[in-house]
Amino acid sequence: MKKLTKWGMLILLILFIGVQFIPKDNNRQLHISKYDIRNLYIIPKNTLKMIEKSCFDCHSNNTDYPWYSKIQPVRYFLDNHIREGKNMLNFSEFGNYSERRKRNKIRSIISQIQEDKMPISTYTIIHREADLSNQDKKIVIDWFNSIK
Ligand code: HEC
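The notes below deal with the structure included here. (Residues numbered from 1 in each chain as written. Predicted model: local features only at pLDDT ≥ 70, side-chain atom pairs only at ≥ 80, totals over all residues. Heavy atoms only, no water.)

## Regarding the site of the ligand
Line of reasoning, step 1. Among the 18 residues in the neighbourhood of the ligand, the closest are listed as Cys-55, Cys-58, His-59, Lys-105 and Met-118.
Line of reasoning, step 2. Within the contact set of the ligand, a nitrogen atom lies 2.7 Å away from a side-chain nitrogen or oxygen of His-59.
Line of reasoning, step 3. In this structure, an oxygen atom belonging to the ligand sits 2.4 Å away from a side-chain N or O atom of Lys-105.
Line of reasoning, step 4. When atoms are counted within 2 Å of each cavity's grid points, the one that captures over half of the ligand is the largest pocket.
Line of reasoning, step 5. At the level of elements, helix 3 (45–59), helix 4 (74–88) and helix 5 (99–114) are the ones that each hand at least two residues to the shell around the ligand.
Line of reasoning, step 6. Its residues assigned to classes, the shell around the ligand shows 10 nonpolar, 6 polar and 2 charged. (Near = heavy atom within 4 Å. Polar contact = N/O pair within 3.5 Å; in protein donor to acceptor, adjacent residues only side chain to side chain. 1 Å grid on protein atoms, 1.4 Å probe; cavity = no way out; pocket = protein on both sides within 12 Å on 5 of 7 lines; lining within 4 Å. Sits in = over half its atoms within 2 Å of the grid points. Helix = DSSP H or I, 4+ residues; strand = E, 2+ residues; numbered from the N terminus. Nonpolar A, V, L, I, M, F, W, Y, C, P; charged D, E, K, R; others polar.)

What follows is the structure, given as structure tokens:
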């Protein structure tokens, strides 16, 4: 029995080392592109701060990676989330969207925040600062309503 546990641990260790070689995305574009939502509209500072803090890690070309993202398979799941999030909505590419798509996305942003679907709750458990209070939600929603 003791021997088995030892082998089990060894196999786990080898697996853990092995998954560290899974390639990682690096979603870190340091310049703000001309299609970025920040270059498209004048966004009040505190509103912008909230959007950056609560949404940009998954909906922009620049993720602020936490330390544990260096560890696999954590990064693998993070990368998938970011890829999926950016596919649905990318604030760094907002200016590239058609007028119709922009309108749809704005409507969708408002409803996702209203229904507490965004930011994703598994994210706000770790990133407490990304959680929006009712007052914050109103400020962000009012702003998105103003550009509709
Ligand atoms: C931890 C990553 C993460 C964060 C943070 C996050 N999102 Fe998302 N978002 C996703 C993922 C993944 C999807 C696609 C799957 C889904 O809908 O659950 C998505 C989908 C969406 C959609 C749906 C787009 C569509 O066309 O239907 C909207 C709108 C959205 N997010 C807005 C926001 C806003 C606004 C914030 C900030 C208040 C935010 N998200 C924060 C990951 C995130």
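That shown, we press on.
## A short note on the nonpolar core
Line of reasoning, step 1. By size, the foremost hydrophobic cluster in this structure holds 20 residues, and its most contacted members are Ile-37, Ile-51, Phe-91, Phe-94 and Phe-144.
Line of reasoning, step 2. Those elements that place two or more of their residues in this core are helix 3, helix 5 and helix 7 (134–146).
Line of reasoning, step 3. Those residues in contact with Ile-37 that lie beyond four places of it in its chain are Ile-43, Phe-56, Phe-91, Phe-94 and Phe-144. (Core = buried A, V, L, I, M, F, W, Y, C linked by side-chain atoms within 4.5 Å. Buried < 20%, exposed > 50% of the residue type's maximum accessible area, 1.4 Å probe, protein only. Contact = heavy atoms within 4.5 Å.)

## What about the coordination of the iron atom of the ligand?
Line of reasoning, step 1. Donor atoms from the polypeptide that bind the iron atom of the ligand are His-59 (NE2) and Met-118 (SD), placed at 2.0 to 2.3 Å.
Line of reasoning, step 2. Metal-centred angles of 83 to 178° between the 6 donor atoms at the iron atom of the ligand mark the site as octahedral. With His-59 in helix 3 and Met-118 in the loop between helix 5 and helix 6 (121–126), this pair connects stretches of sequence that are 59 residues apart.
Line of reasoning, step 3. For Met-118, a relative accessible area of 30% puts it in the partly exposed group. (Donors = N, O, S within 2.8 Å, 3.2 Å for Na, K, Ca; no water. Tetrahedral: all angles 85-135°; square planar, octahedral: opposite > 155°, others 65-115°.)

## A closer look at helix 5
Line of reasoning, step 1. Across its 16 residues, helix 5 extends 23 Å between first and last C-alpha, which sits within 8% of the 22 Å expected from 1.5 Å per residue.
Line of reasoning, step 2. Buried residues of helix 5: Lys-102, Lys-105, Ile-106, Ile-109, Ile-110 and Ile-113, and no others. For helix 5, the angular spread of buried residues about the axis comes to 135°, placing them on one side. Across helix 5 from its buried face, at more than 90 degrees, point the exposed residues Arg-100 and Gln-114.
Line of reasoning, step 3. Lining the buried residues of helix 5 we find helix 2 (37–40), helix 4 and helix 7. (Expected span 1.5 Å × (residues − 1). Arc of directions from axis to C-beta.)

## Focus: the layout of surface pockets
Line of reasoning, step 1. Approximately 770 Å³ is the volume attributed to the largest pocket.
Line of reasoning, step 2. Contributing to the lining of the largest pocket are 37 residues, with Cys-58, His-59, Gly-85, Met-118 and Ile-120 lying nearest its centre.
Line of reasoning, step 3. Going through the elements one at a time, helix 3, helix 4, helix 5, helix 6 and helix 7 are the ones with two or more residues in the lining of the largest pocket.
Line of reasoning, step 4. Of all the elements, helix 4 adds the most residues to the lining of the largest pocket, at 8 residues.
Line of reasoning, step 5. Grouping the constituent residues of the lining of the largest pocket by class yields 23 nonpolar, 10 polar and 4 charged.
Line of reasoning, step 6. Of the volumes computed, that of the second largest pocket is approximately 310 Å³.
Line of reasoning, step 7. Among the elements that make up the lining of the second largest pocket, the one with the highest residue count is helix 3 (4 residues).
Line of reasoning, step 8. Here the residues of the lining of the second largest pocket are counted per class, giving 6 nonpolar, 9 polar and 8 charged. (Points joined across faces, edges and corners; volume = space filled by probe spheres on them.)

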